[in-house]
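One-letter residues, chain by chain:
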Amino acid sequence: MLSSVLLIITSIYVVTALMYIIRLVKGPTIPDRVLALDALSFDLAVFLALLSIILENPILVSGVIPLVLWIHAIDIFVSKYLEAREMGE
Amino acid sequence: MSELNLVFYGIGLGLIAIGSFFEVVGAIGVLKLPSFFLRLHALTVSCIGGSILPLLGVAILAIGLEEMGSQRLFITAICLISVFIILILAPSGSHSLARAAYNSNTAPKQPLEYDALSRGVNKD
(Lines give C-alpha, C1' and ligand atoms only; values in the text may rest on other atoms or scores of the structure.)
Protein backbone atom coordinates (compact mmCIF):
# COMPACT_ATOMS: atom_id res chain seq x y z
CA MET A 1 0.00 0.00 0.00
CA LEU A 2 2.80 2.37 0.91
CA SER A 3 4.75 1.60 -2.25
CA SER A 4 1.74 2.06 -4.55
CA VAL A 5 0.86 5.48 -3.06
CA LEU A 6 4.47 6.58 -3.35
CA LEU A 7 4.57 5.39 -6.99
CA ILE A 8 1.49 7.49 -7.82
CA ILE A 9 3.02 10.58 -6.18
CA THR A 10 6.34 10.00 -7.95
CA SER A 11 4.54 9.83 -11.31
CA ILE A 12 2.86 13.18 -10.44
CA TYR A 13 6.32 14.64 -9.89
CA VAL A 14 7.54 13.27 -13.23
CA VAL A 15 4.57 14.91 -15.02
CA THR A 16 5.26 18.29 -13.35
CA ALA A 17 8.93 17.95 -14.32
CA LEU A 18 7.81 17.56 -17.94
CA MET A 19 5.72 20.74 -17.62
CA TYR A 20 8.74 22.63 -16.27
CA ILE A 21 10.84 21.28 -19.17
CA ILE A 22 8.26 22.66 -21.64
CA ARG A 23 8.61 26.10 -20.01
CA LEU A 24 12.41 25.70 -19.98
CA VAL A 25 12.52 25.09 -23.74
CA LYS A 26 9.78 27.59 -24.66
CA GLY A 27 10.62 30.46 -22.29
CA PRO A 28 10.87 33.77 -24.15
CA THR A 29 13.58 35.40 -22.03
CA ILE A 30 16.59 34.29 -20.01
CA PRO A 31 15.02 34.82 -16.54
CA ASP A 32 12.10 32.61 -17.55
CA ARG A 33 14.47 29.78 -18.41
CA VAL A 34 16.41 30.19 -15.16
CA LEU A 35 13.10 30.23 -13.25
CA ALA A 36 12.00 26.98 -14.89
CA LEU A 37 15.39 25.41 -14.15
CA ASP A 38 15.02 26.49 -10.52
CA ALA A 39 11.61 24.85 -10.17
CA LEU A 40 12.82 21.77 -12.05
CA SER A 41 15.72 21.19 -9.70
CA PHE A 42 13.58 21.55 -6.56
CA ASP A 43 11.22 19.06 -8.20
CA LEU A 44 14.12 16.67 -8.86
CA ALA A 45 15.28 16.98 -5.23
CA VAL A 46 11.91 15.72 -3.98
CA PHE A 47 11.94 13.07 -6.73
CA LEU A 48 15.30 11.72 -5.51
CA ALA A 49 14.08 11.60 -1.91
CA LEU A 50 10.93 9.69 -2.91
CA LEU A 51 12.98 7.32 -5.08
CA SER A 52 15.30 6.50 -2.20
CA ILE A 53 12.26 5.64 -0.06
CA ILE A 54 10.76 3.43 -2.79
CA LEU A 55 13.97 1.59 -3.70
CA GLU A 56 15.09 1.44 -0.02
CA ASN A 57 18.49 2.70 -1.05
CA PRO A 58 19.67 5.59 1.14
CA ILE A 59 22.65 6.47 -1.04
CA LEU A 60 20.33 8.13 -3.60
CA VAL A 61 19.26 10.89 -1.24
CA SER A 62 22.78 12.22 -0.77
CA GLY A 63 22.60 14.03 -4.12
CA VAL A 64 19.91 16.40 -2.85
CA ILE A 65 22.18 18.83 -0.98
CA PRO A 66 24.60 19.52 -3.93
CA LEU A 67 21.56 19.92 -6.24
CA VAL A 68 20.00 22.58 -4.00
CA LEU A 69 23.28 24.43 -3.48
CA TRP A 70 23.95 24.32 -7.23
CA ILE A 71 20.63 25.94 -8.11
CA HIS A 72 21.36 28.79 -5.69
CA ALA A 73 24.74 29.29 -7.41
CA ILE A 74 22.96 29.36 -10.81
CA ASP A 75 20.53 32.02 -9.54
CA ILE A 76 23.28 34.23 -8.15
CA PHE A 77 25.53 33.91 -11.22
CA VAL A 78 22.75 34.62 -13.73
CA SER A 79 21.38 37.59 -11.80
CA LYS A 80 24.87 38.98 -11.38
CA TYR A 81 25.46 38.65 -15.12
CA LEU A 82 22.10 40.21 -16.05
CA GLU A 83 22.58 43.18 -13.76
CA ALA A 84 26.24 44.02 -14.27
CA ARG A 85 27.13 42.23 -17.56
CA GLU A 86 30.07 40.50 -15.94
CA MET A 87 30.51 37.29 -14.02
CA GLY A 88 32.46 38.76 -11.11
CA GLU A 89 35.56 37.28 -9.61
CA MET B 1 6.00 0.23 18.40
CA SER B 2 3.94 -0.76 15.38
CA GLU B 3 1.23 1.82 16.15
CA LEU B 4 3.89 4.51 16.35
CA ASN B 5 5.14 3.45 12.91
CA LEU B 6 1.59 3.76 11.59
CA VAL B 7 1.42 7.32 12.97
CA PHE B 8 4.69 8.16 11.18
CA TYR B 9 3.34 6.60 7.94
CA GLY B 10 0.15 8.66 8.18
CA ILE B 11 1.81 12.00 8.87
CA GLY B 12 4.48 11.43 6.20
CA LEU B 13 2.08 10.32 3.49
CA GLY B 14 -0.28 13.20 4.30
CA LEU B 15 2.49 15.78 3.99
CA ILE B 16 3.72 14.23 0.71
CA ALA B 17 0.17 14.22 -0.74
CA ILE B 18 -0.45 17.88 0.21
CA GLY B 19 2.93 18.78 -1.29
CA SER B 20 2.15 17.03 -4.58
CA PHE B 21 -1.07 19.09 -4.83
CA PHE B 22 0.94 22.31 -4.37
CA GLU B 23 3.46 21.09 -6.94
CA VAL B 24 0.74 20.52 -9.57
CA VAL B 25 -0.71 24.00 -8.90
CA GLY B 26 2.71 25.62 -9.18
CA ALA B 27 3.55 23.75 -12.38
CA ILE B 28 0.30 24.84 -14.03
CA GLY B 29 1.05 28.41 -12.94
CA VAL B 30 4.61 28.36 -14.32
CA LEU B 31 3.34 26.91 -17.59
CA LYS B 32 0.28 29.13 -18.09
CA LEU B 33 0.80 32.58 -16.52
CA PRO B 34 1.60 35.35 -19.01
CA SER B 35 4.52 37.29 -17.50
CA PHE B 36 7.82 36.62 -15.77
CA PHE B 37 6.87 38.17 -12.43
CA LEU B 38 3.58 36.26 -12.28
CA ARG B 39 5.51 33.07 -13.00
CA LEU B 40 7.80 33.98 -10.10
CA HIS B 41 4.77 34.03 -7.84
CA ALA B 42 3.81 30.54 -9.05
CA LEU B 43 7.39 29.38 -8.45
CA THR B 44 7.09 30.42 -4.81
CA VAL B 45 4.01 28.22 -4.44
CA SER B 46 5.76 25.25 -5.97
CA CYS B 47 8.99 25.80 -4.01
CA ILE B 48 7.71 26.29 -0.47
CA GLY B 49 4.58 24.16 -0.71
CA GLY B 50 5.82 21.59 -3.18
CA SER B 51 9.38 20.98 -2.03
CA ILE B 52 9.59 21.68 1.68
CA LEU B 53 6.41 19.85 2.70
CA PRO B 54 7.28 16.60 0.82
CA LEU B 55 10.85 16.64 2.11
CA LEU B 56 9.52 16.97 5.68
CA GLY B 57 7.09 14.16 4.84
CA VAL B 58 9.90 11.91 3.58
CA ALA B 59 11.91 12.71 6.72
CA ILE B 60 9.01 11.70 8.97
CA LEU B 61 8.14 8.67 6.82
CA ALA B 62 11.71 7.38 6.91
CA ILE B 63 11.67 7.25 10.72
CA GLY B 64 8.88 4.67 10.59
CA LEU B 65 10.60 2.32 8.10
CA GLU B 66 11.87 -0.26 10.58
CA GLU B 67 13.09 -2.74 7.95
CA MET B 68 15.82 -0.42 6.64
CA GLY B 69 17.83 -0.62 9.84
CA SER B 70 19.76 2.36 11.08
CA GLN B 71 20.23 3.76 7.57
CA ARG B 72 16.77 5.34 7.68
CA LEU B 73 18.14 8.04 9.97
CA PHE B 74 20.52 8.96 7.14
CA ILE B 75 17.52 9.80 4.92
CA THR B 76 15.90 11.76 7.76
CA ALA B 77 19.02 13.81 8.46
CA ILE B 78 19.67 14.69 4.82
CA CYS B 79 16.03 15.63 4.19
CA LEU B 80 15.96 17.91 7.24
CA ILE B 81 19.25 19.58 6.24
CA SER B 82 18.03 20.16 2.68
CA VAL B 83 14.75 21.58 4.04
CA PHE B 84 16.71 24.19 5.99
CA ILE B 85 18.96 24.94 2.99
CA ILE B 86 15.95 25.42 0.68
CA LEU B 87 14.18 27.56 3.27
CA ILE B 88 17.19 29.89 3.54
CA LEU B 89 18.56 29.95 -0.01
CA ALA B 90 15.54 29.72 -2.35
CA PRO B 91 13.88 33.07 -1.42
CA SER B 92 17.21 34.88 -1.70
CA GLY B 93 17.85 33.37 -5.13
CA SER B 94 14.35 34.24 -6.37
CA HIS B 95 14.68 37.77 -5.01
CA SER B 96 18.04 38.37 -6.69
CA LEU B 97 16.69 36.98 -9.97
CA ALA B 98 13.62 39.25 -9.83
CA ARG B 99 15.77 42.27 -8.98
CA ALA B 100 18.12 41.55 -11.88
CA ALA B 101 15.24 41.04 -14.32
CA TYR B 102 13.63 44.30 -13.18
CA ASN B 103 16.75 46.43 -13.25
CA SER B 104 18.12 45.17 -16.55
CA ASN B 105 14.72 45.26 -18.37
CA THR B 106 15.28 41.72 -19.62
CA ALA B 107 11.78 40.46 -18.92
CA PRO B 108 8.72 42.46 -20.08
CA LYS B 109 6.67 43.70 -17.15
CA GLN B 110 3.56 44.36 -19.18
CA PRO B 111 0.53 43.10 -17.19
CA LEU B 112 1.29 45.83 -14.66
CA GLU B 113 -1.06 47.63 -12.30
CA TYR B 114 1.15 49.51 -9.86
CA ASP B 115 4.91 50.01 -9.91
CA ALA B 116 6.32 51.50 -6.74
CA LEU B 117 9.93 51.12 -7.85
CA SER B 118 9.54 53.50 -10.80
CA ARG B 119 8.58 56.38 -8.47
CA GLY B 120 12.03 56.98 -7.11
CA VAL B 121 12.10 54.47 -4.30
CA ASN B 122 15.12 52.59 -5.59
CA LYS B 123 17.12 55.31 -7.37
CA ASP B 124 20.76 54.68 -6.61
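The structure this text deals with has already been given above.
Residues numbered from 1 in each chain as written. Chains lettered and ligands numbered in written order. Predicted model: local features only at pLDDT ≥ 70, side-chain atom pairs only at ≥ 80, totals over all residues.

Caption draft 1: Quick look at helix α3 (residues 72-103) of chain B. Residue and element names in this part refer to chain B. If you check α3, its first and last C-alpha atoms are 46 Å apart, about what 32 residues at 1.5 Å a residue would give, namely 46 Å. In the structure, α3 departs most strongly from a straight axis at Leu89, where the bend amounts to approximately 30 degrees and where the proline Pro91 lies between one and four residues downstream. Asn105, located one to two residues past α3, shows a positive phi value of around 55 degrees. (Helix = DSSP H or I, 4+ residues; strand = E, 2+ residues; numbered from the N terminus. Expected span 1.5 Å × (residues − 1). Bend = angle between axes of the 7 residues up to and from the residue.)

Caption draft 2: The arrangement of the interface of chain A and chain B in detail. Taken together, the contact between chain A and chain B spans 42 residues of the former and 44 residues of the latter. Mapped by element, the contributors of at least two residues to the side of chain A that touches chain B are α1 (2-26), α2 (30-55) and α3 (64-84) of chain A. The element contributing the most residues to the side of chain A that touches chain B is α2 of chain A, with 16 residues. Split into classes, the residues belonging to the side of chain A that touches chain B amount to 29 nonpolar, six polar and seven charged. (Contact = placed C-beta atoms within 7 Å. Nonpolar A, V, L, I, M, F, W, Y, C, P; charged D, E, K, R; others polar.)

Caption draft 3: Here's a closer look at the nonpolar core. Residues Ala39 and Ala49 of chain A together with Leu55, Val58 and Cys79 of chain B are the most contacted members of the largest nonpolar core, which totals 51 residues. Mapped onto this core, the elements with two or more residues apiece are α1, α2 and α3 of chain A together with α1 (2-32), α2 (36-63) and α3 of chain B. Counting residues per element, this core draws most heavily on α2 of chain B, at 13 residues. Beyond its immediate sequence surroundings of up to four residues, Ala49 of chain A is in contact with Val61 and Val64 of chain A together with Leu55, Val58 and Cys79 of chain B. (Core = buried A, V, L, I, M, F, W, Y, C linked by C-beta atoms within 7 Å. Buried ≥ 20, exposed ≤ 12 C-beta atoms within 10 Å, placed from the backbone.)

Caption draft 4: Seen up close, the packing of α1 of chain B against α2 of chain B. Residue and element names in this part refer to chain B. As a packed pair, α1 and α2 sit with axes 7 Å apart at the nearest point and diverge in direction by 160 degrees. If you check the angle between α1 and α2, you find them roughly antiparallel. Relative to α2, the crossing made by α1 is left-handed. (Axes fitted to C-alpha atoms, helices over the stretch in contact; angles between N-to-C directions. Parallel < 35°, antiparallel > 145°, perpendicular 65-115°, else oblique. Left-handed = near helix turned anticlockwise from the far one by under 90°.)

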